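Chain residues, written in single-letter form:
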Amino acid sequence: MKYSELDSRLRKVYSRIRTLDDYHWDLSGDKIIGRHKKSDLKIRIRVANSREEAEKLSEVKEGEGLDIVVVPNKGTFYIHNGTFIMTSKFLRGTLVDINDHIVWRGFKVVEQDGKLMQEDFYEYLGGRFIEHLKNNMTIGQDFVFWQFYKCEKCGKYVDIDSVRSHLKEHGIKIEDKDEMMYEVFEISIIDGKVYDKFGKEVKEDKLSEEAKDFIKETLESFKS
Ligand SMILES: [Zn+2]
C-alpha cells in the first residue's frame, strides 16, 4: 500500500500526530496503530463520519491498549465504552497527556546472552488520567507524579531520592539490589495531599520522615 492510497481522513489525522516521537506509528488500511515506545502501550486510532458511527466502532475491541475514534463533529470529546471519541483537534493534546501519565516505576537487571542488561518498567496511570481530564488538571501545575519505594524494613514509603540513605540506616546497601520497584504517587498541589494510582489518599503515617519532608518542600516550591 502506498501512502497516497491511504484514506484521506486517516492521513489528515496522522499528519497531526506524527511529530510526537514518544510514539511509534504504523498505518494500516483503516486505522493508525500507535505504540508508546517506552511502555509499549498500544493505541489504535480510527476515523468515523459521525458520533453514531464512532460509538458503533467503540464496541469493537482489538485487545489491550487504548482506542480512539476521531469524528468530524466540532468540539467533541467524550468516552464511550472505554473508547475516546473526539475531534481531531484534541487528538495531539490527548496523546501528550497520555504520555505524561506513563511513569517509570522500576528496573530489573536481567541476564541475556551472557550479558547483564537493565529492564525498565513503566506504568500507565489511566485511572488518574480520566480523573484529571474530568477536573481539567494539568501536570506540573495541579499535580506531579513521583516514585516512592516501600521500605522492606519499616514498611514506610520513601521518596526515590532518599532511598539510598534510608536503606543505609537499616544497614541495607542499595548497590546490592538488582531489582527495585516503586509506587507512583500523585502529589496534589491543589489540596496538598498524596494519592496512589487508584486515587486513594496516602496518609502521612504511611510515609517515611524523608518522604514527608520531600512532599513539604515540593508543595512549597510550587507556592512560591
Ligand atoms: Zn525503612
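The rules behind the values
Residues numbered from 1 in each chain as written. Predicted model: local features only at pLDDT ≥ 70, side-chain atom pairs only at ≥ 80, totals over all residues. Helix = DSSP H or I, 4+ residues; strand = E, 2+ residues; numbered from the N terminus. Contact = placed C-beta atoms within 7 Å. Domains from an automatic or database assignment. Nonpolar A, V, L, I, M, F, W, Y, C, P; charged D, E, K, R; others polar. Buried ≥ 20, exposed ≤ 12 C-beta atoms within 10 Å, placed from the backbone. Pairing = 2+ DSSP bridges. Axes fitted to C-alpha atoms, helices over the stretch in contact; angles between N-to-C directions. Core = buried A, V, L, I, M, F, W, Y, C linked by C-beta atoms within 7 Å. UniProt positions renumbered as here; feature names shortened; annotations may be inferred. Arc of directions from axis to C-beta.

**Looking at the overall build of the protein**
A tally of regular secondary structure across the protein gives six helices and 13 strands. On the principal axes, the C-alpha backbone points of the protein span a range of 65 × 50 × 30 Å. Within the protein, contacts between residues separated by at least 24 positions form 46% of all contacts whose residues are at least 6 apart in sequence.

**Quick notes on the domain arrangement of the protein**
Interfaces are often sized by the amount of accessible area the parts lose when they come together. When its domains are assigned, the protein resolves into domain 1 (3-100) and domain 2 (103-223). The C-alpha-based centres of domain 1 and domain 2 are spaced at 30 Å. Tallying the contact residues gives six residues for domain 1 and four residues for domain 2. Split by residue class, the side of domain 1 that touches domain 2 holds two nonpolar, one polar and three charged.

**As for unusual backbone geometry**
Residue Asp40 is not a glycine yet carries a positive backbone phi of 75°. Its location among the elements puts Asp40 in the loop between strand 2 (31-36) and strand 3 (42-47). Assessed through the 13 C-beta atoms surrounding it within 10 Å, Asp40 is described here as partly exposed. One non-glycine residue with positive phi stands out, namely Asn81, at about 50°. Counting through the fold element by element, Asn81 comes out in the loop between strand 5 (77-80) and strand 6 (83-87).

**Examining the sheet that holds strand 9 (residues 143-150)**
Paired through their backbone hydrogen bonds, the strands of a sheet run either parallel or antiparallel. Spatially, four strands are ordered 10-9-12-13 in an open sheet, and the strand pairing comes out antiparallel. Two strands lie at the open edges of the sheet, namely strand 10 (157-159) and strand 13 (194-195), each paired on one side alone. Here three bridges tie strand 9 to strand 10, and the two strands are oriented antiparallel to one another. Bridge assignment links Lys150 to a residue of strand 10, and that residue is Tyr157. Where helix 6 (residues 209-223) meets the sheet, its contacts fall on strand 9, strand 10, strand 12 (183-188) and strand 13, and the angle it forms with strand 10 comes to roughly 50°.

**Considering the nonpolar core**
With 38 residues, the main nonpolar core has Ile68, Val69, Val70, Phe148 and Ala211 as its most contacted residues. The element contributing the most residues to this core is strand 4 (residues 66-71), with five residues. Shared between two domains, this core holds at least three residues of each, these being domain 1 (3-100) and domain 2 (103-223). Setting aside chain neighbours within four positions, we find Val70 in contact with Val13, Ile45, Val47, Met86, Ser88 and Leu91.

**Examining the UniProt feature "domain: TBP-interacting protein N-terminal" (unreviewed entry) in the protein**
As annotated by UniProt and renumbered to match this structure, "domain: TBP-interacting protein N-terminal" (unreviewed entry) occupies residues 3-102. Helix makes up 27% of residues 3-102 and strand 33%, whereas the separation of the span's terminal C-alpha atoms amounts to 30 Å.

**Some remarks on the sheet that holds strand 7 (residues 102-112)**
On the basis of which strands lie adjacent, the open sheet formed by three strands has the order 8-7-11 and antiparallel pairing. Whereas interior strands pair on both sides, the edge strands pair on one side only; in this sheet they are strand 8 (115-124) and strand 11 (179-181). In this sheet, adjacent strand axes meet at a mean angle of 20° when their direction is disregarded. Pairing of strand 7 with strand 11 involves three bridges; the strand directions are antiparallel. Following the sheet pairing, Lys108 is matched in strand 11 by Glu179.

**Focus on the pairing of strand 12**
With six bridges joining them, strand 9 and strand 12 adopt antiparallel strand pairing. Each bridged residue has a counterpart across the sheet, and for Val144 the counterpart in strand 12 is Ile187. Here strand 12 pairs with strand 13 via two bridges, running antiparallel. Its bridge partner lying in strand 13, Ile187 is registered against Val194.

**Examining helix 3 (residues 91-100)**
For helix 3, the complete set of buried residues consists of Leu91, Leu95 and Ile98. For helix 3, the angular spread of the buried residues around the axis is 55°, confining them to a single face. Against helix 1 (8-17), strand 1 (23-27), strand 4, strand 6, strand 7 and helix 4 (126-134) lie the buried residues of helix 3.

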